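So the chains spell out like this:
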Amino acid sequence: MDTTVSSHTPSSKSLVRMLRSGIFKALDILGLPSVLLSTKHGKGTVVLYHGVTSEKGTGIFNYRGKHVHTAAFAKQVAWMHKHYTILPLQELLTHPDLGALPRPPLAITFDDGYRNNYTDAFPILRETHTPATFFITTGFIDGTPLPVDTIEYAADTVEEVVRLGTHLKTLNAQEMRGFLQQVVTDTGRNLQEILNDSPYAPMTWSEMQEMERAGMTFAPHTVTHPILAHLDAQEQKKEIIDSYNTVKEHLDPLAIFAYPNGSKKDYTDDTVSILKEAGFAASLTTQPGVMARHSNMFELPRYTLDGTNDLYRFRLTVVGAR
Ligand SMILES: [Zn+2]
């Protein structure tokens, strides 16, 4: 038996990766996306990006695939234009007859407010006349790294990030502040000082104003990106209203909200009451699905496109086949 074979055998991890993309490719060739597209005509699809980057992932950076590659994003936008009518989010939510559109309607959203939304995504969106809505974590814009990114600055390995991140999600607001402070202190570095030179830098208000003039829209996404369900009603209200007011100081925001994290357990009935009282018309989750006429306006579904550099995987995610 040739013993050199083993050195050419893919690791189990890369084998899983190959198999997965092989399955996506097979489903795609079978025509699954086009079948799903035709049955969902008239219902609204909302997709969610976090970032677009041309930087090669090194070390921990982007290990979760939170930032889609710039070249992949350009292909994805072209594909969405071919198969959907891309509408501004506010039009998708208020359109009187989505079924009358030539192609199924879709809106593009970005959460959090990363600088690469401006440097990498915006040029492609502007070039292709593609509207998008950006949900802004206002404390991040003003210089405080997002909790998940703070952990990535501080950790040396993916395992450590996962461990710290799992712990983070169990904490209430006060505990989280203390925990993040400790994590930062332990590094011996000033993370706020290096934020603007890092891949996790935020956009500036003047960059967002330029995007707004080009037809992009903005909306609030809290101040510090907490899990709202871990906060009492008063703290939730402060996170929501303060971020809305801050965006209003610089831009003309939509009265639409996006829940941080966005799964069913990340917000409460209180959250919805606060939003309604403050005059919000709708809010978006990260629960996958398409909007129908009977959809709860404060629990709208979205397809998250993190980790979709592979175009097959992207298509199957957008049409809801995953
Ligand atoms: Zn977010």
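Not measured: the values here are computed from a predicted model.

Parameters and conventions
- Residues numbered from 1 in each chain as written.
- Predicted model: local features only at pLDDT ≥ 70, side-chain atom pairs only at ≥ 80, totals over all residues.
- Heavy atoms only, no water.
- Helix = DSSP H or I, 4+ residues; strand = E, 2+ residues; numbered from the N terminus.
- Buried < 20%, exposed > 50% of the residue type's maximum accessible area, 1.4 Å probe, protein only.
- Contact = heavy atoms within 4.5 Å.
- Pairing = 2+ DSSP bridges.
- Right-handed = clockwise from strand over helix to strand, strands pointing away.
- Core = buried A, V, L, I, M, F, W, Y, C linked by side-chain atoms within 4.5 Å.
- pLDDT = per-residue confidence, 0-100.
- Donors = N, O, S within 2.8 Å, 3.2 Å for Na, K, Ca; no water.
- Arc of directions from axis to C-beta.
- Phe/Tyr/Trp six-rings, centres within 6.5 Å; stacked < 30°, edge-to-face > 60°.
- Lys NZ or Arg CZ within 6 Å of the ring centre and 35° of its normal.

Undergrad: Lay out the overall build of the protein chain in plain terms, naming residues and giving numbers.
TA: Tallying secondary structure elements over the protein chain gives 15 helices and 10 strands in all. Going through the 322 residues of the protein chain one by one, you find that 50% of them count as buried. Look at the contacts in the protein chain between residues 6 or more apart in sequence, and 70% of them connect residues 24 or more apart.

Undergrad: Now, about the pairing of strand β6 (residues 133-136): what can you tell me, with residues and values included?
TA: Side chains Thr133 and Phe135 project from β6 onto one buried face, and the interleaved Phe134 and Ile136 project onto a second face that is buried too. Here 4 bridges tie strand β5 (residues 105-112) to β6, and the two strands are oriented parallel to one another. Residue pairing for β6: Thr109 is matched across the bridge by Thr133. One crossover worth recording links β5 to the parallel β6 by way of helix α6 (residues 116-127), and it is right-handed. Here β6 pairs with strand β7 (residues 217-220) via 4 bridges, running parallel. By the bridge assignment for β7, Ile136 is matched with Pro220.

Undergrad: Can you lay out the nonpolar core for me, pointing to particular residues and giving the numbers?
TA: Ranked by size, the top nonpolar core spans 35 residues in total, and within it Tyr49, Phe73, Met80, Phe110, Phe134 and Phe218 carry the most contacts. Listing elements by their share of this core, those giving two or more residues are β1 (45-49), α4 (70-83), β5, α6, β6, α12 (205-213) and α15 (311-318). Among the nonpolar cores identified, the runner-up in size contains 17 residues, and Val46, Leu93, Leu254 and Ala258 belong to it.

Undergrad: Could you give an account of the environment of Leu300, with specific residues and numbers?
TA: Mapped onto the secondary structure, Leu300 falls in the loop between β9 (282-284) and β10 (303-304). Residue Leu300 is classed as buried on the basis of its relative accessible area, which comes to 0%. Residues Leu300 and Ala258, 42 residues apart in the sequence, show an inter-C-alpha distance of 9.3 Å. If sequence neighbours within four positions are ignored, Leu300 has contacts with Leu93, Ala282, Ser283, Leu284, Thr285, Met291 and Ser295.

Undergrad: Summarise the confidence of the model for the protein chain; cite the residues concerned and give the values.
TA: Averaged over the protein chain, the pLDDT score is 87; the fraction of residues at 70 or greater is 86%. Here residues 1-10 scores under 50 on pLDDT; set against residues more than four positions off or in separate chains, the count is 2 contacts.

Undergrad: Help me get a handle on the coordination of the zinc ion, residues and values and all.
TA: Around the zinc ion, the donor atoms from the protein are Asp112 (OD), His221 (NE2) and His225 (NE2), and they sit 2.1 to 2.2 Å away. In the primary structure, the donors to the zinc ion are separated according to the pattern D-x108-H-x3-H. Here Asp112 is found in strand β5, whereas its partner His221 is found in the loop between β7 and α13 (233-250), with 109 residues between them in sequence. Taking the relative accessible area as the measure of exposure, Asp112 reaches 2% and is therefore buried.

Undergrad: Can you tell me about α12, naming the residues and giving the values?
TA: Those residues of α12 that fall on the buried side of the exposure criterion are Trp205, Glu207, Met208 and Met211. The buried side chains of α12 occupy one side of the element, clustering within an arc of 155° when seen end-on. In this structure, the buried residues of α12 make contact with α6, β6, α7 (138-141), β7 and α13. Just beyond α12, the residue with positive phi is Gly215, at close to 105°.

Undergrad: Explain the packing of aromatic side chains residue by residue, including any values.
TA: Inspection of every chain in the model, using the stated rule, returns 14 aromatic pairs. An aromatic cluster is present here, built from Tyr49, Phe73, Phe110, Phe134 and Phe218 joined pairwise through their rings. Positioned over the ring face of Tyr244 is Lys248, at 4.2 Å from the centre of the ring. Directly above the ring of Phe135 sits Arg302, whose terminal nitrogen or CZ lies 5.7 Å from the centroid.

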